[in-house]
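Residue-level listing of the chains:
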Amino acid sequence: MIRISFDVLKKYEARHVKYLEGHLSQGFPVFPSIYQVTDIQGFIFDLLTNPFKSNILFLKEYFLTVKFIIQTSNYINNKELDLSESVASEQIQLLQKYINELESNSIFSKIIFQKNPQKNSDFKHIIELLQQFISFRKDAHNSKKKKYTQLENDLKAQIQGEYLLYEGVRKFLIKVKRSYKNKVFDDNKIELLEALGVFVCPYCNRQYIDIFKRKKHGTRTAIAELDHFYPKSLFPLYAVSLYNIVPNCAKCNSLKSNTLSDYLYPYCESADDENKKQHFQLQFHSYDQLRGIANRHKPMIRLASTMEKKSLANAEALFHEELYQNHTSFVQRLLRAQRLDNSEYRKSINQYFQDYKLTENDLKEILYGFNGSPEELLEKPLAKLAHDIINFTKSNE
């Protein structure tokens, strides 16, 4: 729901690396030459910060390969055979993209050839099997389920066997994660929250995820959960990657599943512009509802009809519309406050506070409890709802 600027993460990179590089630099697995990892320090830095943007071929192909495995496994699972035609078409395009990229002189294919020189057509066989499956999938019938099952078993046997080559790195990272999990990890989490300036869950914008100090022990505690956007169970290499860690509330952390396609990555270059896009709108049946004076029948909170497809999928996966029905009374108060937002009332406020020289944001804060600033979205629960409803009602006046 709320996007966070990459610039904030970039400022914290050095601190994050300082916390963990000592653990990683000792006993790091030696890569076979075929993996083409020659700069270990550069590899460690990219792995700890933003492996998704790394120029190191192994990290680039690791991401692609694991997504290929996950998407393929999801697609050929018999439970998914009844997907709608549009969803099936999208998955076919996605898998074809992975096939094309992985087929093109990749480390992944070279590893297979080296491990099985007598079967150097294995990678081609994977592609052929998947292409067969795609062609069969278009006219799925129960009579063909046996064929699908055979393809699924063959494909998994080919791919997952090669994935074990990543086990050395995976096990090492698990060991690292355990070694810093206690006080060092807690201190790192608190510093990360303070550096990001994120004190409300970016997934739902409903719950505080701030920090408090315990009087008895004098220690600070963060109530935030740290979500691995790309789940560490599926992407173990990213278990300690800064750009894969998203502070969020316990509820969203429990709701978010391992289905990658449904969620919107919260970090981006143009966070302010993205956060201006409408997320909520109101469904109302009378002008009284829109003015906040219909007590018995409050307007319903709906997802905006203008939402982009990816944002809509994210909102539906995290049950935004259902959860936000709990806030109709909050919306009612905003609508009533908006009836006061006129030139005469603003003039009276300015006169009363004439020594303070109120800004436009100050006036909004007095009227609504929200000033509409980008920073507010990461500091106040329900700020996105407030921004959207105030703008929505003004556009419907």
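Residues numbered from 1 in each chain as written. Predicted model: local features only at pLDDT ≥ 70, side-chain atom pairs only at ≥ 80, totals over all residues. Heavy atoms only, no water.

A. Structural view of a negative patch on the surface. On the surface, a cluster of negative charge is made up of Asp272, Asp273, Glu375 and Glu379. In this fold, Asp272 is placed in helix H11 (residues 271–275). With a relative accessible area of 44%, Asp272 lands in the partly exposed category. (Patch = residues over 30% accessible without salt bridge, like charges linked within 9 Å, V, L, I, M, F, W, Y side chains within 5 Å. Areas by Shrake-Rupley, 256 points an atom, 1.4 Å probe, with all protein chains shown as cover. Salt bridge = Lys/Arg side-chain N within 4 Å of Asp/Glu carboxyl O. Lys, Arg positive; Asp, Glu negative; His and termini not counted. Charge placed at Lys NZ, Arg CZ, Asp CG, Glu CD. Helix = DSSP H or I, 4+ residues; strand = E, 2+ residues; numbered from the N terminus. Buried < 20%, exposed > 50% of the residue type's maximum accessible area, 1.4 Å probe, protein only.)

B. Molecular detail of the pattern of salt bridges. By the definition in use, this model includes 13 salt bridges. Close ionic contact of Glu191 with Arg15 constitutes a salt bridge, the shortest N to O distance being 2.9 Å. Of this pair, Glu191 sits in helix H9 (residues 183–196) while Arg15 sits in helix H1 (residues 6–25), and the two are 176 residues apart along the sequence. For Arg15, a relative accessible area of 32% gives the class partly exposed.

C. Inspection of the packing of aromatic side chains at higher detail. In the structure shown here, the tally under the stated rule is 16 aromatic pairs. With 5.0 Å between their ring centres and 80° between their planes, Tyr352 and Phe353 make a pair best called edge-to-face. Phe353 sits in the partly exposed class, given a relative accessible area of 29%. The ring of Tyr263 has Lys256 lying over it, and the distance from NZ or CZ to the ring centre is 5.3 Å. Above the ring of Phe370, the side-chain terminus of Lys380 is found at 5.3 Å from the ring centroid. (Phe/Tyr/Trp six-rings, centres within 6.5 Å; stacked < 30°, edge-to-face > 60°. Lys NZ or Arg CZ within 6 Å of the ring centre and 35° of its normal.)

D. Representation of the side chain of Glu376. Relative to the assigned elements, Glu376 resides in the loop between helix H17 (360–368) and helix H18 (383–395). Polar side-chain contacts of Glu376 include one of 2.7 Å to the side chain of His387. Setting aside anything within four residues of it in sequence, one finds Glu376 in contact with Glu365, Gly369, Phe370, Asn371, Ala383 and His387. (Polar contact = N/O pair within 3.5 Å; in protein donor to acceptor, adjacent residues only side chain to side chain. Contact = heavy atoms within 4.5 Å.)

E. Structural view of the packing of helix H16 (residues 343–352) against H17. Between H16 and H17, the shortest axis-to-axis distance is 11 Å and the interhelical angle comes to 105°. Relative to H17, the element H16 is oriented roughly perpendicular. Facing Tyr345, Arg346, Ile349 and Asn350 of H16, the residues of H17 in contact are Glu360, Leu363, Ile366 and Leu367. Of the residues that constitute the contact of H16 with H17, the class distribution is 5 nonpolar, 1 polar and 2 charged. (Axes fitted to C-alpha atoms, helices over the stretch in contact; angles between N-to-C directions. Parallel < 35°, antiparallel > 145°, perpendicular 65-115°, else oblique. Nonpolar A, V, L, I, M, F, W, Y, C, P; charged D, E, K, R; others polar.)

F. A positive patch on the surface, seen in detail. A contiguous patch of positive charge on the surface is contributed by Lys298, Arg333, Arg336 and Arg339. You can see Arg339 is positioned in helix H15 (residues 328–339). The class for Arg339 is partly exposed, based on a relative accessible area of 41%.

G. Up close: the nonpolar core. Ranked by size, the top nonpolar core spans 76 residues in total, and within it Tyr267, Phe280, Phe330, Val331, Leu385 and Ile389 carry the most contacts. In this structure Phe280 touches Met1, Ile301, Arg302, Leu303, Ala304, Tyr324, Leu385, Asp388 and Ile389, once residues within four positions along its chain are discounted. (Core = buried A, V, L, I, M, F, W, Y, C linked by side-chain atoms within 4.5 Å.)

H. Inspection of the side chain of Ser5 at higher detail. Its place among the elements puts Ser5 in strand S1 (residues 4–5). Separated by 3.1 Å, the side chain of Ser5 and the backbone nitrogen of Asp7 make a polar contact. Apart from residues lying up to four places away in sequence, Ser5 is in contact with Cys268, Glu269 and Ala271.

I. Geometry of the pairing of strand S8 (residues 300–303). Because side chains alternate across S8, one face comprises the buried residues Ile301 and Leu303, and the other comprises Met300 and Arg302, none of which is buried. With 4 bridges joining them, strand S7 (residues 280–283) and S8 adopt antiparallel strand pairing. What sits directly across from Gln281, in S8, is Arg302. (Pairing = 2+ DSSP bridges.)

J. View of the state of the cysteines. Counted according to the given criterion, the structure contains 0 disulfides. Of all cysteine sulfurs, the one in Cys249 lies closest to Cys252, which takes part in no disulfide; the gap is 3.7 Å. Classification of Cys252 by relative accessible area gives buried; the value is 2%. (Disulfide = S-S within 2.5 Å.)

K. Molecular detail of the confidence of the model for the protein. The predicted model of the protein averages 76 in pLDDT, with 62% of residues at 70 or higher. Here helix H5 (residues 107–115) stands out as the least confident element of the protein, with mean pLDDT 56; helix H14 (residues 320–324) is the most confident, with 95. Low confidence marks residues 78–83, where pLDDT is under 50. Its contacts with residues over four positions away, or in another chain, come to 15 contacts. (pLDDT = per-residue confidence, 0-100.)

L. Structural view of the environment of Ile211. In this structure, Ile211 sits in strand S2 (residues 211–213). Separated by 18 residues in the primary sequence, Ile211 and Leu193 have C-alpha atoms spaced 8.3 Å apart. Discounting chain neighbours no more than four positions away, the residues touching Ile211 are Ile190, Leu193, Glu194, Phe199, Arg220, Thr221 and Ala222.

M. Just unusual backbone geometry, in detail. Here the phi dihedral of Lys357 falls at roughly 50°; this positive angle occurs in a residue that is not glycine. With respect to the secondary-structure elements, Lys357 resides in the loop between H16 and H17. Here Lys357 falls in the exposed class, since its relative accessible area comes to 72%. Although it is not a glycine, Leu382 sits at a positive phi angle of roughly 70°. Here Leu382 falls in the buried class, since its relative accessible area comes to 10%.

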